Each structure stands twice: as structure tokens, then as C-alpha cells.
Amino acid sequence: NDHRSVRVVEERCRLDADALRELSRRLDGYRKSTDLGSGWDRGVPGDWLDALLEDWRAFDVHAFQLRLDALRQQRAEVAGHALHLVHAEGRGPSPLPLLLTHGWPGSFLEYLPVLPLLSDPGGHGADPADAFTVIIPSLPGYAFSTPPPPTGMTGRSVARLWHQLMTKGLGHDHFVAHGSDLGAGVTAWLARDQPDAVATIHLATPGLAVAPGPRTEQEEDFARAVQDWTAEEGGYMHEHATKPGTLGAGLSDSPAGLAAWIGEKI
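I will try to describe carefully the structure that is included in this document. (Residues numbered from 1 in each chain as written. Predicted model: local features only at pLDDT ≥ 70, side-chain atom pairs only at ≥ 80, totals over all residues. Heavy atoms only, no water.)

**Examining the overall build of the protein chain**
Selection rule: Helical segments are the DSSP runs of H or I of at least four residues, strand segments are the runs of E of at least two, and each set is numbered from the N terminus. To sort residues, take the accessible area from a 1.4 Å probe on protein chains only and compare it with the maximum for the residue type: under 20% means buried, over 50% means exposed, and anything in between is partly exposed. Residues are treated as being in contact if the distance between any of their heavy atoms lies within 4.5 Å. Calculation of accessible area relied on Shrake-Rupley with a 1.4 Å probe; when residues are assessed, cover is drawn exclusively from the protein chains displayed.
When helices and strands are tallied, the protein chain shows 10 helices and 8 strands. Its C-alpha atoms give the protein chain principal-axis dimensions of roughly 60 × 60 × 40 Å. For the protein chain, the proportion of its 266 residues judged to be buried stands at 34%. Contacts spanning at least 24 positions in sequence make up 69% of the contacts within the protein chain whose residues lie at least 6 apart. In the form shown here, the protein chain has an accessible surface area of approximately 15500 Å², with 55% of it arising from carbon and sulfur atoms.

Okay, here's the thing in C-alpha cells:
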């Protein structure tokens with residue numbers, strides 16, 4: 001499908017056999033770090049991480065590949081970016097296009113449980129008139145999308161890609177959108193910058209800006225809660241934003257490190 005300058009093609013995403021073998025080797029060679037106890041105050045507990053890695057070793061890759069193959073997947077070339085997306089046509093009299101954007105640390109897989117309910121409500125005991133045609137793109141650098149440029153990308157710049165994808169690539173001049181976590185920021189920018197195209201948005205876990213002064217008592221409570229959370233739990237965001245290359249070296253080289261980093265945040 002080549003629609004107004006954005007190229008969209010069908011795709012089958014296959015897991016790389018060599019990468020899977022290397023992953024297995026590295027998981028088997030995991031070297032435990034110093035045990036800091038069973039609590040979470042100082043990061044991921046060693047026994048919890050051991051169990052997570054054991055689950056990863058036993059993961060059924062073949063069943064997962066079959067699950068991927070059951071999805072309609074596409075690749076879109078948008079402004080120099082190769083974007084992976086899952087596309088489910090709605091089954092109903094007039095399906096409404098719905099764009100779903102995942103967050104960090106996650107992927108398009110977050111939305112698979114609701115995909116059949118949204119695209120085929122009539123097949124699940126609901127009204128077919130409520131059907132959506134669902135588009136789930138992978139953020140640049142996530143899943144099967146190509147990495148962002150070395151300078152990084154903002155939520156606003158990703159929102160521009162999504163608008164091009166939906167309108168020029170897929171031909172949806174009007175659509176609705178949902179986003180969670182990082183995707184909530186993308187979706188909010190999409191609505192701000194493209195009000196003629198985006199009819200409605202829904203946000204999960206949006207980052208709410210602290211109100212400027214003067215504040216009400218409730219707004220002061222919220223500001224203190226944000227400050228406390230940022231100090232106690234927000235170090236990962238500062239590291240991502242300031243020194244991603246340093247962190248990336250460890251996370252790319254060590255599956256156990258990646259599991260600990262992402263697992264603790266989830």
C-alpha cells in the first residue's frame with residue numbers, strides 16, 4: 001500500500017535464531033551480584049531475579065513466534081524511520097480507527113489481550129457498532145521498529161510520525177488515540193498538534209505537570225508527592241535522559257542486567 005508518500009508493506013517478524021542461541025548462552029552464564037537482602041529498598045532482590053531468569057530460560061519461543069504469526073503486521077517507512085505496527089481491521093458497520101501507543105518498558109504486546117475485544121466486539125457479546133480498526137505501532141527503538149537517531153527523539157516528534165502514519169500511510173484522516181506511560185505523552189502531543197485529525201484521546205498513567213504557584217492545599221500535596229517520588233524512584237529517568245549511552249552498554253551486553261533494570265521498574 002503506497003498512500004500519499006508513506007510506504008506501508010505487509011511484514012512477518014521472525015525472531016533471530018542466532019540471537020536466541022546467544023541469549024540462552026548468556027542467561028546460562030549469569031554471574032550473581034552481592035545479595036542485598038529480600039526487600040526492594042535497594043533495588044531488585046536476588047532471589048526474585050533468579051526466579052525471573054529461570055522463567056526466561058524456560059520461555060516457549062516457538063509458541064511466541066506462532067502468536068506473532070497470527071497477527072497482521074506491517075512495516076511503514078515514515079520520514080526515514082522504519083516503523084513496525086500491528087493492524088486489526090474492525091468487524092462492524094463503521095469501525096472507528098484507533099491508535100494505541102505503548103510505554104516504557106513495554107511493547108505492542110501490552111495491547112494484545114484487548115485487540116480482539118476492540119476490533120470484533122460482536123464476536124464477544126457486545127455491539128458490532130462499537131468496533132474499532134486498531135493500529136498498534138512500535139515506538140522507535142522498540143520491538144521491530146528501527147532505532148531512533150543518536151540524538152534521540154521527543155514524544156512530540158514521535159507524535160508527528162504517528163500523524164503521518166495514520167493519515168498519509170493508512171488513509172485515516174480522522175481517528176481516536178490512547179496512550180500509556182511514555183505513550184501517554186506521545187498521545188497528548190498528537191492531540192495538541194493535530195486537533196483536526198484526532199477526535200478524542202484517552203490517557204493512562206499520564207505525567208501531570210505540577211501547577212505553578214499560587215497552589216491550593218491539594219496541589220501542594222501533589223507537588224510534594226511528585227518531588228518525593230522523583231527523588232526516591234525517578235533516578236532511572238534521569239539516567240535515561242542524560243547518559244543513555246553508558247547505561248545502554250550494560251543493558252545491551254547483559255540479559256540479566258536488562259531483566260533486573262526492567263523487572264524492577266515494572
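**With respect to the layout of surface pockets**
Short version of the rule: Any residue with an atom within 4 Å of a point lines the site, the site being either a cavity, points on a 1 Å grid over the protein atoms alone where a 1.4 Å probe fits but cannot get out, or a pocket, an open set with protein on both sides within 12 Å along at least 5 of 7 lines. Grid points are joined across faces, edges and corners, and a volume is the space filled by probe spheres set on the points. Each residue is assigned to one class: nonpolar for Ala, Val, Leu, Ile, Met, Phe, Trp, Tyr, Cys and Pro, charged for Asp, Glu, Lys and Arg, and polar for all the others, Gly among them.
Reported here for the second largest pocket is a volume of approximately 440 Å³. As for the second largest pocket, its lining consists of 20 residues, of which Gly43, Val44, Trp261, Glu264 and Lys265 are closest to the centre. For the lining of the second largest pocket, the element with the most residues is helix α10 (residues 255-265), which contributes 6 residues. Of the residues assigned to the lining of the second largest pocket, the class counts are 9 nonpolar, 5 polar and 6 charged.

**Comments concerning the packing of helix α5 (residues 155-169) against helix α6 (residues 182-193)**
We apply this condition: To get an axis, a line is fitted to the C-alpha atoms, and for a helix only the part in contact is used. The angle between two axes follows their N-to-C directions and goes from 0 to 180 degrees. An angle below 35 degrees is treated as roughly parallel, one above 145 as roughly antiparallel, one from 65 to 115 as roughly perpendicular, and anything else as oblique. Here is the rule for handedness: rotate from the far helix to the near one, and if that takes an anticlockwise turn smaller than a right angle the crossing is left-handed, while a clockwise turn gives right-handed.
Between α5 and α6, the shortest axis-to-axis distance is 8 Å and the interhelical angle comes to 65°. Between α5 and α6, the crossing angle belongs to the class labelled roughly perpendicular. The hand of the α5/α6 crossing is right-handed. From α5, Gly155, Arg156, Val158, Ala159, Trp162 and His163 reach across to α6, where they touch Val186, Trp189, Leu190 and Asp193. Its residues assigned to classes, the contact of α5 with α6 shows 6 nonpolar, 2 polar and 2 charged.

**Structural notes on the side chain of Thr133**
Short version of the rule: In the analysis that follows, any N or O atom pair within 3.5 Å is treated as a polar contact, provided that within protein one partner can donate a hydrogen and the other can accept it, and provided that, for residues neighboring in sequence, both atoms belong to side chains.
Looking at where Thr133 falls in the secondary structure, it is placed in strand β6 (residues 132-137). By relative accessible area, Thr133 is classed as buried at 6%. A distance of 3.0 Å separates a polar atom in the side chain of Thr133 from the backbone nitrogen of Gly90. Excluding residues within four positions of it along the chain, Thr133 makes contact with His87, Ala88, Glu89, Gly90, Pro95, Leu96, Pro97, Leu98 and His172.

**Overview of the pattern of salt bridges**
Rule in force here: Salt bridge criterion: a side-chain nitrogen from Lys or Arg within 4 Å of a carboxyl oxygen from Asp or Glu.
The full count for this structure, using the stated rule, is 16 salt bridges. We note a salt bridge from Glu264 to Lys265, for which the minimum N-O separation is 3.0 Å. Given a relative accessible area of 27%, Glu264 falls into the partly exposed group. Look at the salt bridges and you will find they share partners, linking Glu22, Arg25, Arg26 and Asp253 into a network.

**A few points about the nonpolar core**
Nonpolar side chains in soluble globular proteins generally cluster together in the buried interior. Keep this limit in mind: Put simply, a nonpolar core is a bunch of buried Ala, Val, Leu, Ile, Met, Phe, Trp, Tyr and Cys residues held in one set by side-chain atoms that sit within 4.5 Å of each other.
With 25 residues, the main nonpolar core has Leu99, Trp162 and Leu190 as its most contacted residues. Elements that contribute at least two residues to this core include exactly β2 (6-11), β3 (73-78), β4 (81-88), α5, β7 (175-180) and α6.

**Comments concerning unusual backbone geometry**
Note that the residue after Trp104, namely Pro105, is joined by a cis bond; omega there is -5°. Locating Pro105 in the fold gives a position in the loop between β5 (96-101) and α4 (115-119). Looking along the chain, the bond that leaves Gly213 and enters Pro214 is cis, with omega of -5°. Of note, Pro214 is situated in the loop between β8 (198-204) and α7 (217-233). Its identity is not glycine, yet Ala79 carries a phi of approximately 50°, on the positive side. By the element assignment, Ala79 lies in the loop between β3 and β4. One non-glycine residue, Ala143, adopts positive backbone phi at about 50°. Here Ala143 lies in the loop between β6 and α5. Residue Ala143 is classed as partly exposed on the basis of its relative accessible area of 45%.

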